[in-house]
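One letter stands for each residue in the lines below.
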Amino acid sequence: MSKKKDASYISARDSRKISKFNRKLTKKLEHDRKDSGKDPALYTTTMKNPNNICEFDNVCTYFFTDIGTVKAVDGVSFDIPKCSTVGVVGESGCGKSVTSLSLMQLLQRPTGQTVGGEIRFNMGDGKALNIVKLPDSKMQQIRGSQVSMIFQEPMTSLNPVFRIGEQVNEVIELHNPDMPQEDVKARTLEMLELVGIANKEGVYEMYPHELSGGMRQRVMIAIALACSPSLIIADEPTTALDVTIQAQILDLLENLKKKLNSSIMLITHDLGVVAGMADYVVVMYAGRVVEKGTADDIFHHPAHPYTIGLMRSKPVVGKKVEELYNIPGSVPNPVDMPNYCYFRDRCEMRCEHCDGKYPPEIRISDTHVVSCYRYFEDGQVMDFPKSVNVEEL
């Protein structure tokens, strides 16, 4: 009697078939991207709300692998208002970093592609650009000057063979080609001082390995803010730092945001960091937004069972428990996602509607939106997140 094949098993023949399809599709997507650069009308758009600096509208970012299509970000929608901090939270692999990399156009192409939706970026004066369709040449003008990113591990982000000064200079020179060298150096020293580095002239001549973790992260922030961007993406900026340095870096980011009148998209696992810093919170699970609202909505009135589980799993000062709450089960396979609520099989609050298709976004207050059928009767039903059928691309 033959053994039953494992559900995740894929034959060599099927793998070759998938690879052939992926090569054909990614070639077409790359060709379409190049064509979009010929006509500005293809990537110019308008903001739905001019008070937002960035709007994610049903963004779908997929990775085409030899075992199938991984829907890392699938129908994500949220806004980043001007001069505010939006915290994006969720467990590892939920799509937080891929969402930010989609905005920066730093996905590993051609394997990773943003195949659907719009990312509208506000350029001011009523103009906006759709980052999804934006050609590489235009994106290079925006990346670093209008929108910049602070990566989570500075030791791998900084080049070990170049001095700190040269690495900060590079960003300024790229976006200000006519600036004299003396002014470039003066701007670099000014940025190093701004991020709290006392020995700015000494650090200017140092290599990354000569600095501590906190100092390296300050240099990364100086590079990101060198051209005074409108939007700063902070991808877990305090992950590798101890608690006291974490607090200093977060205070620094908050102060710089006010000085530059910028917005921050803060990506983190740490609910404590989000509670202390974010104005708005977006909770992601398995590539989709399950809940979004103000920090007060999410922390004091959590609605989605996943958000409630996250809140219950964090330790509380002064409260003694035998063990912390643990959300049961595991995340579904990203190559073969179900057509019902992704959290259904782990949920302890299931209702009869949960056996149907994936829930729509439901508005339960002016600022609070949740994707959960428990509010289907009482809330205002909005749009369903829309996946892209790759066979039709």
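Details of the structure are given in the entry above.
If you're wondering where the values come from, they're calculated on a predicted model, not measured in any experiment.

About the cut-offs
- Residues numbered from 1 in each chain as written.
- Predicted model: local features only at pLDDT ≥ 70, side-chain atom pairs only at ≥ 80, totals over all residues.
- Heavy atoms only, no water.
- Pairing = 2+ DSSP bridges.
- Helix = DSSP H or I, 4+ residues; strand = E, 2+ residues; numbered from the N terminus.
- Contact = heavy atoms within 4.5 Å.
- Axes fitted to C-alpha atoms, helices over the stretch in contact; angles between N-to-C directions.
- Expected span 1.5 Å × (residues − 1).
- Buried < 20%, exposed > 50% of the residue type's maximum accessible area, 1.4 Å probe, protein only.

Colleague: Residues and numbers for the sheet that holds strand E3 (residues 68–81), please.
Modeller: Read from one edge of the open sheet, five strands run E1-E6-E5-E2-E3, paired in antiparallel fashion. The open sheet terminates on both sides in strands that have one partner only, identified here as strand E1 (44–45) and E3. Strand direction decides the pairing type here: strand E2 (residues 52–65) and strand E5 (residues 112–124), joined by eight bridges, are antiparallel. Pairing of Glu55 across the sheet is with Arg120, part of E5. Packed onto the sheet, helix H1 (residues 12–36) meets E2, E3 and E5 and runs at close to 145 degrees relative to E2. Sheet contacts for helix H2 (residues 96–104): E2, E3 and E5; angle to E2, the most-contacted strand, approximately 105 degrees.

Colleague: Which residues make up H1, and what values do they have?
Modeller: The first and last C-alpha atoms of H1 sit 36 Å apart over 25 residues, in line with the 36 Å expected at 1.5 Å per residue. Three or more residues of H1 are buried, namely Ser15, Ile18, Ser19, Asn22, Leu25, Thr26, Leu29, Glu30, Arg33 and Ser36. Where the residues of H1 are buried, they touch E2, E3, E5 and helix H3 (136–142).

Colleague: Can you break down the environment of Pro40 residue by residue, with the values?
Modeller: Tracing the sequence through the fold places Pro40 in the loop between H1 and E1. By relative accessible area, Pro40 is classed as partly exposed at 41%. It is 9.4 Å that separates the C-alpha atoms of Pro40 and Leu129, two residues lying 89 residues apart in sequence.

Colleague: Please provide a residue-by-residue account of the environment of Ala226, values included.
Modeller: Looking at the element boundaries, Ala226 is found in the loop between helix H8 (213–225) and strand E8 (231–235). Note on Ala226: relative accessible area 3%, which makes it buried. With residues near it in sequence (within four places) discarded, Ala226 still touches Val171, Ile172, Arg187 and Met191.

Honestly, it's all geometry; don't read function into it.
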